[in-house]
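Below, each chain spelled out in residue letters.
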Amino acid sequence: MAAFEPRGLLPDADLRSASAIDADDVAVLLSALGYPCDTADAARRIASITANDRQALVVARCGGMVTGLIALDFMYYLPLDTTTCRITALVVSPGAQGRGLGRQLLREAERRARAAGAARVELSSGSQRTEAHAFYRACGFGDGTLRFIKRLGDA
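Note that the structure is a prediction, hence the values are computed from the model and not measured. (Residues numbered from 1 in each chain as written. Predicted model: local features only at pLDDT ≥ 70, side-chain atom pairs only at ≥ 80, totals over all residues. Heavy atoms only, no water.)

The final tally for this structure, using the stated rule, is eight salt bridges. Where Arg16 meets Asp22, a salt bridge forms, and the shortest distance between an N and an O atom there is 2.7 Å. By relative accessible area, Asp22 is classed as buried at 2%. Among the salt bridges present, the one from Asp41 reaches Arg44, with a minimum N-O distance of 3.9 Å. On the criterion of helical spacing, the pair formed by Asp41 and Arg44 is a turn pair, its members being three residues apart in helix 2 (residues 39-50). Taking the relative accessible area as the measure of exposure, Asp41 reaches 26% and is therefore partly exposed. Connected through shared salt-bridge partners, Arg86, Arg120 and Glu122 make up one network. (Salt bridge = Lys/Arg side-chain N within 4 Å of Asp/Glu carboxyl O. Buried < 20%, exposed > 50% of the residue type's maximum accessible area, 1.4 Å probe, protein only. Helix = DSSP H or I, 4+ residues; strand = E, 2+ residues; numbered from the N terminus.)

What follows is the structure in structure tokens.
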């Protein structure tokens with residue numbers, strides 16, 4: 001029997017800050033997003049985020065299973081003299097996609113951003129992720145500036 005209905009919107013998820021016990025689920029979700037990660041890597045990453053009061057990692061649990069996550073970074077933004085909340089990762093398991101969980105996670109990001117005094121929420125998304133771009137636009141995000149990246153070796 002499936003943990004949740006195969007069609008339609010999911011019920012409101014249990015959203016909570018991630019902890020070490022979520023490492024296996026976080027590893028699966030990050031790997032699904034295209035960032036290979038094993039349980040030990042995920043545990044280390046969760047520890048890095050929980051040790052930093054300017055970051056948050058929220059997991060979403062539906063039907064007893066972790067089915068999504070969102071990572072947030074609160075940073076001072078010099079040009080606007082304010083705090084910006086940057087979404088550094090958002091992933092929903094394939095079986096839960098298109099069923100409202102991504103919107104629940106984005107609402108949680110906005111709630112936490114407002115509570116932290118952030119003036120805006122921003123995210124970046126790979127140019128190949130056209131379905132994600134349509135989703136973000138449908139959730140009220142507009143196109144921003146271009147992002148340029150210069151890789152610094154293996155870091």
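Attention now goes to the sheet that holds strand 4 (residues 82-92). Read across the open sheet, the five strands follow the order 1-2-3-4-5; overall the sheet is mixed. Edge positions in the sheet fall to strand 1 (14-17) and strand 5 (118-123), since each of these pairs with one other strand and no more. Mean inter-strand twist for the sheet, computed between neighbouring axes without regard to direction, equals 25°. Of the strands in this sheet, strand 2 (55-62), strand 3 (65-77) and strand 4 are in contact with helix 1 (residues 23-32), which crosses strand 3 at around 80°. (Pairing = 2+ DSSP bridges. Axes fitted to C-alpha atoms, helices over the stretch in contact; angles between N-to-C directions. Contact = heavy atoms within 4.5 Å.)

Okay, the packing of aromatic side chains next. Under the defined criterion, the tally for this structure stands at zero aromatic pairs. The aromatic ring of Tyr77 is capped on one face by Arg120, whose charged end is 4.4 Å from the ring centroid. (Phe/Tyr/Trp six-rings, centres within 6.5 Å; stacked < 30°, edge-to-face > 60°. Lys NZ or Arg CZ within 6 Å of the ring centre and 35° of its normal.)

Checked against the element boundaries, Thr84 lands in strand 4. On the basis of relative accessible area, Thr84 is assigned to the buried category, the value being 0%. Separated by 25 residues in sequence, Thr84 and Ala109 place their C-alpha atoms 11 Å apart. Once residues lying within four places of it in the same chain are set aside, the contact partners of Thr84 are Asp73, Phe74, Met75, Tyr77, Ala118, Arg120 and Glu122.

Let's shift gears to the nonpolar core. Counting residues in each nonpolar core, the largest one holds 23 residues, and the members touching the most others are Ile70, Leu72, Ile87, Leu90, Leu101, Leu105 and Leu106. Considering each element in turn, this core owes the most residues, five residues, to helix 3 (residues 101-115). Setting aside chain neighbours within four positions, we find Ile70 in contact with Ala56, Leu57, Val58, Ile87, Ala89, Leu90, Leu105, Leu106 and Ala109. By size, the runner-up hydrophobic cluster in this structure holds 18 residues, among which are Ala27, Leu29, Leu33 and Leu57. (Core = buried A, V, L, I, M, F, W, Y, C linked by side-chain atoms within 4.5 Å.)

What follows is about helix 2. End to end, helix 2 covers 16 Å across twelve residues, agreeing with the expected 16 Å (1.5 Å per residue, within 8%). Residues of helix 2 that are buried include every one of Ala42, Ile46 and Ile49, and no others. Buried residues of helix 2, seen end-on, are gathered within an arc of 60° and therefore sit on one face of the element. With respect to the buried face of helix 2, the exposed residues turned more than 90 degrees away are Ala40 and Arg44. Tucked into the core, helix 2 has its buried residues touching helix 1 and strand 2. The opening residue of helix 2 is Asp38, an N-cap whose side-chain oxygen sits 3.1 Å from the backbone nitrogen of Ala40. (Expected span 1.5 Å × (residues − 1). Arc of directions from axis to C-beta. Polar contact = N/O pair within 3.5 Å; in protein donor to acceptor, adjacent residues only side chain to side chain.)

Right, let's talk about the confidence of the model for the protein chain for a bit. With 93% of its residues at a pLDDT of 70 or more, the protein chain shows a mean pLDDT of 88. When mean pLDDT is taken per element in the protein chain, helix 2 scores highest with 97 and helix 4 (residues 130-138) scores lowest with 81. A low-confidence stretch, residues 1-6 (pLDDT under 50), is modelled with eleven contacts involving residues beyond four sequence positions or located in other chains. (pLDDT = per-residue confidence, 0-100.)

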